[in-house]
Structures are given as C-alpha cells and as structure tokens.
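Summary of the model geometry
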Amino acid sequence: MLELHSVTAGYEPRTPVVRGATLTVAPGGSVGLLGPSGCGKSTLARVAALLHRPDAGRVLVDGTEVRGWRHRAPRALRTAVGVVFQQPRLSADPRLRLADLIAEPLRATGRRDLVPERLAGLVPAVGLTEDLLGRRPHEVSDGQLQRACLARALVLRPRWLICDEMTAMLDASTTAALVAAVETYRAGTGAGLLAVGHDRVLLERWCDRTVEWADLTGAPADA
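Turning next to the sheet that holds strand β5 (residues 64-65). Strand-to-strand pairing in sheets goes through backbone hydrogen bonds, with the strands running parallel or antiparallel. Strand order in this open sheet of four strands is β2-β1-β4-β5, and the pairing throughout is antiparallel. Among the strands making up the open sheet, the edge pair consists of β2 (18-25) and β5. One ladder, built from five bridges, connects strand β1 (residues 2-9) with β2; its direction is antiparallel. Each residue of the ladder has a partner; that of Leu2, found in β2, is Val25. Packing of helix α1 (residues 41-48) onto the sheet brings it into contact with β1, β2 and β4 (56-61), and relative to β1 it is tilted by some 130 degrees.

Have a look at this one:
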C-alpha cells in the first residue's frame, strides 16, 4: 500500500497548503485526485513521491514508514516510486539528450549495465522513436519530451507511479498515448497509480476511483 495519513504540508511556516489529508492506493489500484488549480494537489503528490517532507502526518510505502525525504530516503523506498510532473521542461535537464534523460535514474543508482535493455523496451512503449534519442529538450516538442519523462519515471520499474497533471499541457492524442503507456506498464507489473489532475472526465475514465480534494482534506472546493 501507498498510504498518507493526516498529512499537513506546505512551504512557509504556519501556512500549510495541505491540511490533514489521508489517502491510500492499493497495489495494482489506480486513484484519481481531483481538485482545482492551486489547491495543494501537487504538494501532496510531492509528499507521496517522497520529494517533500510533510509538517505533520505519516507516509508509508509497502508498510514501511518514510522517515527520510528526497536523497535521505532509503534507496529501496526512493526507487519504489516513480513520478511524472506537469511541466516537462522544468523537470528535464536541458543539457541532456533524451537517451541520457531516460537513463539518468539507472546511472544514479549504479545500474549502467541495464541502460541498453531498459531503453530498448521503454522507447517504443512510450511512443518515442530512435531518431529522437540524440536530441536535447529544446529540439523536441512538449509531447515528445513528456514521453521521455514518463520513460524516465518507469526506467527503475517502480511499484508506485505518481502522475501529477501529466497530460495538462498536451493535446488529446498525446494524452491518450501516455495514459495507454501507463496502463500497459501497470498491467504488466501490478503497479499502483496516483493520478492528480483537474480534468474530471479523464480521471474518471482512467482510474478505478476518483477522490475529490474537498473530501480528502475538508477544505472548501475553491481553496
């Protein structure tokens, strides 16, 4: 299970953007987190991805309580969670070619020998072509770069995937392709999914269940 219990989190002392949020995702399950822009969804997603330490509350990954965050989290927990952000250009190193962007987590965890095999499987799975792998982010479209970012999130074969507004900046055909790639990965691995967004139709079609932000935290719907 991926479990968040009574999580309060923010970026300024005494002004949390998330208050008392509780959410669970079961292995192989998919949960959509629906809420308006600016309500705190992305902050909660970062907490779930072990990238932001909450001010209060508990996070458990497969029964293990998280006590370190970002690079201080044990490697076994860090690599259990993959994350795709809304804006690929802000989450991609502009100096890296797409092949190196996708392979970055493998190299960072000492698994360089797996790069050829993982790239060979992931590149077609996310809809990229070999000719794009030598290009840098400024040489590809937003959709192509987001495909590479999804491949990067999957390259360590995580048991949990956090998609934070992954398709918000993309057209309908690219959105459908990326959702299909995520679902193919989940079907093959049994990974759990937390999909964060404000598109009710997409989340309700994509996920097993959808949770309203107001119901999750008790906050007003327009918070």
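With that out of the way, let us pick up the environment of Arg53. Examined against the element boundaries, Arg53 turns out to sit in the loop between α1 and β4. Classification of Arg53 by relative accessible area gives partly exposed; the value is 48%. In sequence terms Arg53 and Pro13 are 40 residues apart; their C-alpha atoms lie 13 Å from each other. With residues near it in sequence (within four places) discarded, Arg53 still touches Arg67, Gly68 and Trp69.

Residue position: Gly82 is located in strand β6 (residues 81-84). With 106 residues separating them along the chain, Gly82 and Gly188 place their C-alpha atoms 16 Å apart. When neighbours within four sequence positions are excluded, Gly82 is seen to be in contact with Ala153, Pro158, Trp160, Leu161 and Ile162.

Considered as a void within the structure, the largest pocket measures approximately 810 Å³ in volume. As for the largest pocket, its lining consists of 25 residues, and the residues nearest its centre are Leu51, His71, Arg78, Val83 and Pro105. Residue assignment for the lining of the largest pocket shows that the elements contributing at least two residues are β6, α3 (88-91), α4 (98-108) and α6 (142-154). Of the residues that constitute the lining of the largest pocket, the class distribution is 14 nonpolar, five polar and six charged.

About the cut-offs
- Residues numbered from 1 in each chain as written.
- Predicted model: local features only at pLDDT ≥ 70, side-chain atom pairs only at ≥ 80, totals over all residues.
- Heavy atoms only, no water.
- Pairing = 2+ DSSP bridges.
- Helix = DSSP H or I, 4+ residues; strand = E, 2+ residues; numbered from the N terminus.
- Contact = heavy atoms within 4.5 Å.
- Axes fitted to C-alpha atoms, helices over the stretch in contact; angles between N-to-C directions.
- Buried < 20%, exposed > 50% of the residue type's maximum accessible area, 1.4 Å probe, protein only.
- 1 Å grid on protein atoms, 1.4 Å probe; cavity = no way out; pocket = protein on both sides within 12 Å on 5 of 7 lines; lining within 4 Å.
- Points joined across faces, edges and corners; volume = space filled by probe spheres on them.
- Nonpolar A, V, L, I, M, F, W, Y, C, P; charged D, E, K, R; others polar.

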